[in-house]
Amino acid sequence: MSREIPEVAVEALRAAGLVVEVNPVDRAATREELYLGLPRADAFLACLTDRVDAALLESAPRLKVVANFAVGYNNIDLPAARERRIFVTNTPGVLTAATADLTLALLLALARRLAEGEALVRGGRWKGWGPLQLLGLDLEGRILGIVGAGAIGSAVARRAAAFGMRIIYHSRSRSSRLEGNVPGAVRVPFEHLLREADVVSVHLPYSAAVHHLFGERTFRAMKRDALFLNTARGPVHDEGALVRALKEGWIAGAGLDVYEKEPSVHPELLTMPNTVLLPHLGSATRRTRDRMAMLAATNILAVMRGERPPNLVPELSALA
Ligand code: DGY
């Protein structure tokens, strides 16, 4: 393991007789640490901060499975894994609710200016209630545009509908999951969504095809009072273009849990009052992280028994 994860999974792997080596530092593993550990590993429990590329896989002749501790797996070179017949697994399902909750938390924080209000109180600058103080945006009746209608996008839609928001979404095909969650949700072309939504929320897995999907053109196509949320993957937005969009008023605000080059954040975002910035907390609840860890362990144990891992990523299904 490239870093400490919930102990419950380490115990399960040890109980099954595996020798578990955990990089003992609580930070992303360095390339050197990965190159040191991988050559003797049969299984690698990886984090999204580990770049698992062809060179790293080449250094691991025994490796049978990379179990990613995340639902996203854009940190792993799938063609290189396929070529070496290495299974790649992820942790779908168990983090849907936590990530959807966090998206709503970001939306509420941004719409109701919570960070600005909190800073006022903590900074000792609050002079008392005022009729025009920190006026925000009502969610009821606003249009939420969901980009990517998988499990998380659908769960966000359901939560937002409970706040009285109207839901439109864009995805390659009709989502019965999202429409089942929110009767009345309408699938629309991407340009329509940009034009109509008061809030645009990204729930796409990252791939080269969606790199900088949100850039100058798309931000300019949004409403001037629209809010942009990204709790998926940072490189779906162009951070430089987002800064210009916020500075020049092409859109009104942004709530981010992910960044183009984590952990660095565009310095201008840090000083803007119309942003809420979180440190990639989407799945960060104790129960969810325990479940993610157990799912990753279950996938490893299946491969060690010579079985198909339950959460093999679809791109590698031909390996099983
Ligand atoms: C994931 O699982 O992809 C999340 O980003 C982790 O928090």
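1. Considerations on the domain arrangement of the protein chain
What the domain assignment reports for the protein chain is domain 1 (7-94 + 285-319) and domain 2 (96-277). The straight-line distance from the C-alpha centre of domain 1 to that of domain 2 is 31 Å. Counting residues at the interface gives eight residues for domain 1 and four residues for domain 2. At the boundary of domain 1 with domain 2, total buried surface from both sides reaches about 500 Å², with 50% on carbon and sulfur atoms. When the buried surface of domain 1 facing domain 2 is broken down by residue, Leu-48, Asn-74 and Gly-93 rank first, second and third, together holding 62% of it. In this structure, the connection of domain 1 to domain 2 is made through zero salt bridges. Linking domain 1 to domain 2 there are two residue pairs in polar contact (both at pLDDT 80 or more). Residue classes in the side of domain 1 that touches domain 2 are distributed as three nonpolar, five polar and no charged.

2. Considerations on the environment of Val-52
Looking at the secondary structure, you find Val-52 in the loop between β1 (43-46) and α3 (54-58). A residue is classified by how much of its surface remains accessible, and Val-52, at 1% relative accessible area, is buried. Counting along the chain gives 167 residues from Val-52 to Phe-219, while the straight-line C-alpha distance between them is 32 Å.

3. Brief notes about the packing of aromatic side chains
Here the structure, examined in full by the defined rule, presents four aromatic pairs. Ring centres of Phe-190 and Phe-214 lie 5.8 Å apart, and the angle between their planes is 80°; on these two criteria the pair is classed as edge-to-face. On the criterion of sequence distance, the pair formed by Phe-190 in helix α9 (residues 190-196) and Phe-214 in the loop between β7 (199-202) and α10 (216-221) is long-range, its members being 24 residues apart. Each member of the pair Phe-190 and Phe-214 is classed as buried. A ring pair is formed by Phe-214 and Phe-219, whose centres lie 5.9 Å apart and whose planes are at 45°; its orientation type is tilted. An identical accessibility class is assigned to Phe-214 and Phe-219; each is buried. Across from the ring centre of Trp-250, 3.9 Å away, lies the NZ or CZ of Arg-220, which sits over that ring.

Calculation criteria
For every chain, the first residue of the written sequence is number 1, and numbering continues from 1 along that sequence. With the structure being a predicted model, the display of local features is reserved for residues of pLDDT at least 70 and the display and counting of side-chain atom pairs for 80 or more, all residues being used for whole-chain, interface and lining totals. The side-chain values count all of the structure's non-hydrogen atoms but skip hydrogen atoms and water molecules. Domains are outlined according to an automatic or database domain assignment. What makes two residues a contact is simply this: any of their non-hydrogen atoms within 4.5 Å. We define buried area as the total accessible area lost by two parts upon association, computed with a 1.4 Å probe and summed across both. By definition, a salt bridge exists where a carboxyl oxygen of Asp or Glu is found within 4 Å of a side-chain nitrogen of Lys or Arg. Contacts described as polar in this section are N or O atom pairs within 3.5 Å, which, within protein, must combine one atom able to donate a hydrogen with one able to accept it, while residues neighboring in sequence count only if both atoms come from side chains. Gly is put with the polar residues, along with every residue not named as nonpolar or charged; the nonpolar set is Ala, Val, Leu, Ile, Met, Phe, Trp, Tyr, Cys and Pro, and the charged set is Asp, Glu, Lys and Arg. Put simply, DSSP H or I for four residues or longer makes a helix, DSSP E for two residues or longer makes a strand, and each gets a number counted from the N terminus. Only protein chains enter the area calculation, which uses a 1.4 Å probe; residues under 20% of their type maximum are buried, those over 50% are exposed, and those in between are partly exposed. Classification of ring pairs rests on two measures: the distance between centres of Phe, Tyr or Trp rings, Trp counted by its six-membered ring, which must be within 6.5 Å, and the angle between planes, read as stacked under 30 degrees, edge-to-face over 60 and tilted in between. Only when the NZ of Lys or the CZ of Arg is both within 6 Å of the ring centre and within 35 degrees of the ring normal is a charge said to sit over the ring.

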